[in-house]
Amino acid sequence: MVPFNESVFKKMANALRLLSIDAVEQAASGHLGFPMGMADVATGLFTHSLKFSASDPQWFNRDRFILSAGHGSMLLYALLYLNGYKGVGLNDLKSFRQLGSMTPGHPEYGHTPGVEATTGPLGQGFANGVGLALAEEMMRAEFGGELVNHKTFVMAGDGCLMEGVTQEALSFAGHYGLSKLTVLFDDNHISIDGNTGLSTSEDTLARFRAANWDVFCTDGYDMESIKEALDKAEQSQKPSLIACRTIIGWGAPTKQGSEKIHGSPLGREEIARTREALDWPHDPFEVPEDLVALWRKNGQRGDEGKKAWEHTVNTLSPGKKAAFLNRLRAPLGGSEWKKELTLFKQEILKNSQSSMATRVSSGRVLDVLVKEIPALVGGSADLTESTNVKPAYMTSIRPGDFHGRFIHYGVREHALGAIMNGLTLHGGFIPYGSTFLVFSDYMRPAIRLSALMGVRVIYVLTHDSIALGKDGPTHQPVEHLASLRVIPNTYVYRPADSIETAECWECALETVDAPSIIALSRQAVPLCRNFGAENMSRWGAYIMREEINPLGLVIAATGSEVSLALEVRRILEEGGRGVRVISAPCLELYKNQTEAYKQTLFPKGIPLFSIEAGVREGLSAYLPPVREHFGVSGFGASGPGADVMAYFGLTADAIVGKIRGLLDDGPTQ
């Protein structure tokens, strides 16, 4: 810690306040309530507890700091600037919230040095922090405390703690005893509408205690009280909540304590009053050199620890050093897993008569992959067996024992997604997690942030259509594929059989800058591919079967409906009409192909039909104009899967009859 007294501490905190005030005023928008209220707590954290090196924001063994209350971003940007992070200068603060600046309205991972996660949607950062703390425990269990030993700090407000994802994540963290996680709660009793008493009367601290957290309280403006609470949290054997009693907008004489200061500039008159009240007679964006020097010295506080850690790494045995650094730099590892996957495909082709649900195929693929890729960690939202995501030899983590590689998330789909984001952000892991496709609605905000951050997270979503049958329309996804496909920078895979399932897993693993969703069937499907050397799924769509007779129409299908399309083709070919079947396991990959390639699949002037057991927008929106889509226009129905498919006209005979009618061939015989 850089030594200083209470007076200097206050001046360092006020530097954060005034930089935030000036940036928000210049931008004519932004959120001042949080930075002004929590500046002292942030100063205490960064000068007393947080282990970091401003010269190397990516140092692996640094402590992680997540601003879950992302609207208070100017607090973080001011901290980064004053501590000397390269890439965050004074001019960047002056361009707060401007197009292309390094200081966007909410923190963005990969854009601003020192930002550990994209935050803003309340509660997401809290759950990301749980994932980061979990990753630290698991990496330490695997590689030892000499290499992995760091903490995770999350700063959150009342809004974060109201969100449902926070309840899911805090319950998870308490159960697993993530003792290196500390949450600093901006306990100001204010939300946007006014006092929190308008909408809640719960005892927040009791809620955390009930979930097996230690809870400490501090005066958010008393240096010694803040340091004492941080020290207690560090000694705790549980995750810790520090309730920091604060006043929103502290320091603004006529506006502090009111919800009105949450998300708007102070205005010139109130800024003048604030400068006077805080004894800050400096021009906008001006910080006295002695305070800047103190902050910059603080930014170097972790340099010696970083050097010592690097020395430890360099003195490891060659094998252990290589294993550790390779996990950090290239967690997917070498090519051995791809060789094993090729052998798996060859074995499937030898047994081509067997039918298998793609969720089962995926489980067999994971049997191969988990053995070969140590960074691959799995989990499920209480649907482990139904989704086939845990190989028999895979060990689960347990409270106090993090040596396993499988995570039981409980019925917490939203937290599952957000925690997986944290696992990826930490480094050293490639997480996958499962639930039913219909329940992706619960985790959609986390999926969106996976895409926005551009991180490799794999969502395994089974029971992917109305063909799941008797559970009925509450569990039958019809709009979900379409809904997920419209999320930018997201790859949605829906394999047709065991071969495509293996290929989709290969594609997902090799996609490092986007999340992947693998949608899998509950029901058995026949093997459609009789060739398997090249990964054809990489193309997004490809010719599954060429026409025999002169080409008369093309049918595009995905997933379990590819086998249905092949049966339609057989009947029509027997009647003399040439039919080409296109399998489209990933429309996002197909969209990226050249126009020349696309025309080899869909020649101009040839009628195109599509089959997918969901709404039309899920498939046909990516294809050339479709003559007819065979799918579902409303919700599903309860009954045996085959009966439900027939009820919606998704049988070979029904589709053949419709196609013949549309092409003036007459009725089905």
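So, here is what we can say about the structure in this document. Since we're looking at a predicted model, the values are computed, not measured.

1. Notes on the side chain of Ser 521
Link 1 in the chain: Mapped onto the fold, Ser 521 is located in the loop between strand 14 (516-519) and strand 15 (524-525).
Link 2 in the chain: Overall, Ser 521 belongs to the buried group, its relative accessible area being 1%.
Link 3 in the chain: Here the side chain of Ser 521 touches Gln 523 through a polar contact of 2.8 Å, landing on its backbone oxygen.
Link 4 in the chain: With residues near it in sequence (within four places) discarded, Ser 521 still touches Ala 357, Thr 358, Arg 359, His 463 and Asp 464.

2. A look at the pairing of strand 1 (residues 64-67)
Link 1 in the chain: Of the two faces of strand 1, the one lined by Arg 64 and Ile 66 and the one lined by Phe 65 and Leu 67 are each fully buried.
Link 2 in the chain: Here strand 1 pairs with strand 2 (residues 152-157) via four bridges, running parallel. For Arg 64, the partnering residue across the bridge sits in strand 2 and is Thr 152.

3. Quick word on the sheet that holds strand 18 (residues 578-583)
In any sheet, the strands associate via hydrogen bonds between backbone groups, in a parallel or an antiparallel arrangement.
Link 1 in the chain: Judged by pairing direction, the sheet is mixed, and its five strands sit side by side in the order 16-18-17-19-20 without closing on themselves. Sheet topology places strand 16 (542-545) and strand 20 (628-630) at the edges, where each strand pairs with a single neighbour. Mean inter-strand twist for the sheet, computed between neighbouring axes without regard to direction, equals 30°.
Link 2 in the chain: The pairing of strand 19 (residues 608-611) with strand 20 spans three bridges and is classified as parallel. When the bridges of strand 20 are listed, Phe 609 appears paired with Glu 628.
Link 3 in the chain: Along the sheet, helix 21 (residues 561-574) makes contact with strand 16, strand 17 (551-557), strand 18 and strand 19, crossing strand 18 at roughly 170°.
Link 4 in the chain: Sheet contacts for helix 25 (residues 652-662): strand 17, strand 19 and strand 20; angle to strand 20, the most-contacted strand, approximately 175°.

4. Things to note about the nonpolar core
Link 1 in the chain: Ranked by size, the top nonpolar core spans 138 residues in total, and within it Leu 134, Met 155, Trp 213 and Phe 324 carry the most contacts.
Link 2 in the chain: Broken down by element, this core gets its largest block of residues, 11 residues, from helix 1 (residues 6-27).
Link 3 in the chain: The next biggest cluster of nonpolar side chains, apart from the first, holds 48 residues, and it includes Ile 571, Tyr 597, Ile 611 and Val 644.

5. Comments concerning the sheet that holds strand 3 (residues 181-187)
Link 1 in the chain: Read from one edge of the open sheet, five strands run 1-2-3-7-6, paired in parallel fashion. Strands at the two margins of the open sheet, each flanked by one partner only, are strand 1 and strand 6 (214-219). Between one strand and the next, the sheet's axes are offset by a mean angle of 20°, whatever the strand orientation.
Link 2 in the chain: Sheet topology note: the strand 3/strand 7 (residues 240-245) ladder contains six bridges and is parallel. Of the residues in strand 7, the one forming a bridge with Asp 186 is Cys 244.
Link 3 in the chain: On the sheet, helix 9 (residues 223-235) packs against strand 2, strand 3, strand 6 and strand 7 and is oriented at approximately 170° with respect to strand 6.

6. Remarks on the packing of helix 14 (residues 336-350) against helix 20 (residues 498-510)
Link 1 in the chain: At a closest axis distance of 9 Å, the pairing of helix 14 and helix 20 adopts a crossing angle of 165°. Considering the angle they form, helix 14 stands roughly antiparallel to helix 20. In terms of crossing hand, the pair formed by helix 14 and helix 20 is left-handed. Residues Trp 337, Lys 338, Leu 341, Phe 344, Lys 345, Ile 348 and Leu 349 of helix 14 form the contact with helix 20, whose own contacting residues are Ser 498, Ile 499, Ala 502, Glu 503, Glu 506, Leu 509 and Glu 510.
Link 2 in the chain: Split by residue class, the contact of helix 14 with helix 20 holds eight nonpolar, one polar and five charged.

7. So, helix 5 (residues 124-143)
Link 1 in the chain: Taking 1.5 Å per residue, 20 residues should reach 28 Å; helix 5 reaches 28 Å between its end C-alpha atoms and fits that length.
Link 2 in the chain: Across the 20 residues that make up helix 5, a large majority, 17, are buried.
Link 3 in the chain: Positive backbone phi, at 95°, marks Gly 144, one or two positions downstream of helix 5.

8. Description of the environment of His 175
Link 1 in the chain: Inspection of the secondary structure assignment puts His 175 in helix 7 (residues 164-176).
Link 2 in the chain: For the pair His 175 and Ser 53, spaced 122 residues apart in sequence, the C-alpha separation works out to 32 Å.
Link 3 in the chain: If we skip the residues at most four places from it in the chain, His 175 touches Ala 211 and Pro 399.

9. A word on the pattern of salt bridges
Link 1 in the chain: All told, the structure shown has 33 salt bridges when counted by the stated rule.
Link 2 in the chain: Residue Lys 227 pairs with Glu 224 through a salt bridge whose shortest N-O separation is 3.4 Å. With a gap of three residues between them, Lys 227 and Glu 224 both fall in helix 9, about one helical turn apart.
Link 3 in the chain: Its relative accessible area of 14% is what places Lys 227 among the buried residues.
Link 4 in the chain: By relative accessible area, Glu 224 is classed as partly exposed at 45%.
Link 5 in the chain: With a shortest N-O distance of 2.5 Å, Arg 494 and Glu 561 are connected by a salt bridge. Of this pair, Arg 494 sits in the loop between strand 13 (491-493) and helix 20 while Glu 561 is found in helix 21, placing the two residues 67 residues apart along the sequence. The exposure classification of Arg 494 matches that of Glu 561, with both residues buried.
Link 6 in the chain: Each of the salt bridges in this network shares a partner with another, and the network as a whole consists of Lys 338, Glu 506, Glu 510 and Arg 538.

10. Points about the side chain of Asn 188
Link 1 in the chain: Following the sequence through the fold, Asn 188 ends up in the loop between strand 3 and strand 4 (190-191).
Link 2 in the chain: A polar contact of 2.9 Å, which involves the side chain of Asn 188, links it to the backbone nitrogen of Ile 190.
Link 3 in the chain: Excluding its chain neighbours within four sequence positions, the residues that come into contact with Asn 188 are Asp 158, Arg 245, Thr 246, Ile 247 and Ile 248.

11. Some details on the packing of aromatic side chains
Link 1 in the chain: Enumeration over the complete set of coordinates arrives at 23 aromatic pairs.
Link 2 in the chain: For the ring pair Tyr 432 and Trp 505, a centre distance of 5.7 Å and an interplane angle of 85° mean the geometry is edge-to-face. Taken together, the positions of Tyr 432 in strand 11 (residues 430-436) and Trp 505 in helix 20 put the pair 73 residues apart, joining distant regions of the chain.
Link 3 in the chain: A relative accessible area of 0% places Tyr 432 in the buried class.
Link 4 in the chain: Look at Trp 505 and you get buried, because its relative accessible area is 0%.
Link 5 in the chain: Here a set of aromatic residues connected by ring pairs shows up, and it is made of Trp 59, Phe 60, Phe 143, Trp 309 and Phe 324.

Thresholds, definitions, all that
Residues numbered from 1 in each chain as written. Predicted model: local features only at pLDDT ≥ 70, side-chain atom pairs only at ≥ 80, totals over all residues. Heavy atoms only, no water. Helix = DSSP H or I, 4+ residues; strand = E, 2+ residues; numbered from the N terminus. Buried < 20%, exposed > 50% of the residue type's maximum accessible area, 1.4 Å probe, protein only. Polar contact = N/O pair within 3.5 Å; in protein donor to acceptor, adjacent residues only side chain to side chain. Contact = heavy atoms within 4.5 Å. Pairing = 2+ DSSP bridges. Axes fitted to C-alpha atoms, helices over the stretch in contact; angles between N-to-C directions. Core = buried A, V, L, I, M, F, W, Y, C linked by side-chain atoms within 4.5 Å. Parallel < 35°, antiparallel > 145°, perpendicular 65-115°, else oblique. Left-handed = near helix turned anticlockwise from the far one by under 90°. Nonpolar A, V, L, I, M, F, W, Y, C, P; charged D, E, K, R; others polar. Expected span 1.5 Å × (residues − 1). Salt bridge = Lys/Arg side-chain N within 4 Å of Asp/Glu carboxyl O. Phe/Tyr/Trp six-rings, centres within 6.5 Å; stacked < 30°, edge-to-face > 60°.

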